[in-house]
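Structural overview for review
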Amino acid sequence: MAKQTLLEIVQEILSDMTSDPVNSITDTVEAGQVAQIVKRTFLNLTNDRIWPSTKRLFRLTSSADGARPTHMRIEEDVLEVSMVQYDVRKNVADPIDYTEIPYLTQEEFIVKVMGRDPSQSNMMTVMDYNGTPLIVQTDAAPSCYTSFDDVHLVFDSFNSAVESTLQNSKTQVYGVVAPTWTMEDGFIPDMPAKFFPYLVNEAKSAAFIKLKEVFSQKDEQASTRQKSWLSRKKSRIDGQTRYPDYGRKGSGTGRYRRAGYHNNSFTG
């Protein structure tokens, strides 16, 4: 099945409900209601899965706070951080040197930074936003990070000879960003084409119940079949489903997820 615009999905659902035809989702109150149901169904689906199209590169936001030079913020639309890199070059004239920064659990991070001697000239005590003191190194690029509040990534060091705080422009992060929704006729939901039948059938079943107060067994059965098929075929290319590394010691990589975000990983 090819991808459909929001208007085409709404038209299909209205047709099956024997409702008045429309040329825009704004033509009738019912068309607008169906469009809202499609939106809610789409957002529910994205809470359960990661679409390949939602994985992208982005940057962290600098704290710009001299009291917390190693804190950086992840924006609200970021659902998962899979890889964090930082430009560790010491001179602007040198080639860009993005180096992957591994993730540590909160416990591992605390053990590492609190094992330092705060009296040393290259150490600085900073207070996390929750009031916890952390001893960060001031003469080296970051070597690890964690998060205590699901909003900020906290790194263990920065080079004060190069920068006063870690910089947005020096970050390169790969992860999952929440898909956007536009309530317009031509909007195409950001999801693989093979999921559109499932989206349409789920929305159609919900529309029958909410707007017609009728249970559509046929659409419910179609939705169940589609869900079962998709659970067996998660990747576009057979054999390409991957199992991620969750920042285990020795892996050399890190991974951070926002709390409360559950998903199944789709690759390809």
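Here, the structure is the one placed above.
Here the structure is a predicted model, which means the values were calculated and not measured.

Quick look at the overall build of the protein chain
- For the protein chain, the helix and strand inventory stands at five helices and 13 strands.
- Within the span of the protein chain, comprising 268 residues, buried residues form 44% of the whole.
- Partitioning the contacts of the protein chain with sequence separation of at least 6, the portion at a separation of at least 24 is 66%.
- Accessible area of the protein chain: about 13,600 Å², with a carbon and sulfur share of 50%.

Notes on the pairing of strand 11 (residues 171-177)
- Within strand 11, five of the seven residues are buried, leaving the element largely enclosed by the surrounding structure.
- Here four bridges tie strand 2 (residues 55-58) to strand 11, and the two strands are oriented antiparallel to one another. In the strand pairing of strand 11, Lys 55 is matched with Val 176.
- As judged from the seven bridges shared by strand 5 (residues 78-87) and strand 11, these two strands associate in the antiparallel manner. Opposite Glu 80, over in strand 11, you have Val 176 as the bridge partner.

Quick look at the nonpolar core
- Val 10, Ile 13, Val 38 and Met 191 are the most contacted members of the largest nonpolar core, which totals 28 residues.
- Those elements that provide at least two residues to this core are helix 1 (6-16), helix 2 (29-48) and helix 4 (196-212).
- The contacts of Met 191, once residues within four sequence positions are left out, are Lys 3, Phe 42, Leu 45, Trp 51, Phe 196 and Leu 199.

Regarding the packing of aromatic side chains
- Counted under the stated rule, the structure contains five aromatic pairs.
- Between Tyr 145 and Phe 155 the ring centres are 5.7 Å apart and the planes differ by 40°, which places this aromatic pair in the tilted class. Residue Tyr 145 is found in strand 9 (residues 145-146), and its partner Phe 155 is found in strand 10 (residues 152-155); the two are separated by ten residues along the sequence. Take Tyr 145 and Phe 155: they sit in the same class, and that class is buried.

Quick notes on the pattern of salt bridges
- Summed over all chains, the structure comprises nine salt bridges.
- Its salt-bridge partner being Lys 112, residue Asp 156 comes within 3.7 Å of it at the nearest N-O pair. Here the residue Asp 156 occupies a position in the loop between strand 10 and strand 11, and Lys 112 occupies one in helix 3 (residues 106-114), the gap between them amounting to 44 residues.
- Residue Asp 156 pairs with Arg 116 through a salt bridge whose shortest N-O separation is 3.0 Å. Remark: Arg 116 occurs in the loop between helix 3 and strand 7 (123-127) and Asp 156 occurs in the loop between strand 10 and strand 11; sequence separation between them is 40 residues. Assigned by exposure class, Asp 156 and Arg 116 land together as buried.
- Three or more residues joined by partner-sharing salt bridges are found here, namely Glu 12, Asp 16 and Lys 204.

A word on the environment of Tyr 86
- Secondary-structure assignment places Tyr 86 in strand 5.
- The sequence separation of Tyr 86 and Ser 169 amounts to 83 residues, and the corresponding C-alpha distance is 9.1 Å.
- If near-sequence neighbours (up to four positions away) are discounted, Tyr 86 is found in contact with Asp 97, Tyr 98, Thr 99, Ile 101, Pro 142, Glu 163, Leu 166, Gln 167, Lys 170 and Thr 171.
- In terms of polar contacts, Tyr 86 uses its side chain to reach the backbone amide nitrogen of Gln 167, at 2.9 Å.

Here is what the cut-offs are and how they apply
Residues numbered from 1 in each chain as written. Predicted model: local features only at pLDDT ≥ 70, side-chain atom pairs only at ≥ 80, totals over all residues. Heavy atoms only, no water. Helix = DSSP H or I, 4+ residues; strand = E, 2+ residues; numbered from the N terminus. Buried < 20%, exposed > 50% of the residue type's maximum accessible area, 1.4 Å probe, protein only. Contact = heavy atoms within 4.5 Å. Areas by Shrake-Rupley, 256 points an atom, 1.4 Å probe, with all protein chains shown as cover. Pairing = 2+ DSSP bridges. Core = buried A, V, L, I, M, F, W, Y, C linked by side-chain atoms within 4.5 Å. Phe/Tyr/Trp six-rings, centres within 6.5 Å; stacked < 30°, edge-to-face > 60°. Salt bridge = Lys/Arg side-chain N within 4 Å of Asp/Glu carboxyl O. Polar contact = N/O pair within 3.5 Å; in protein donor to acceptor, adjacent residues only side chain to side chain.

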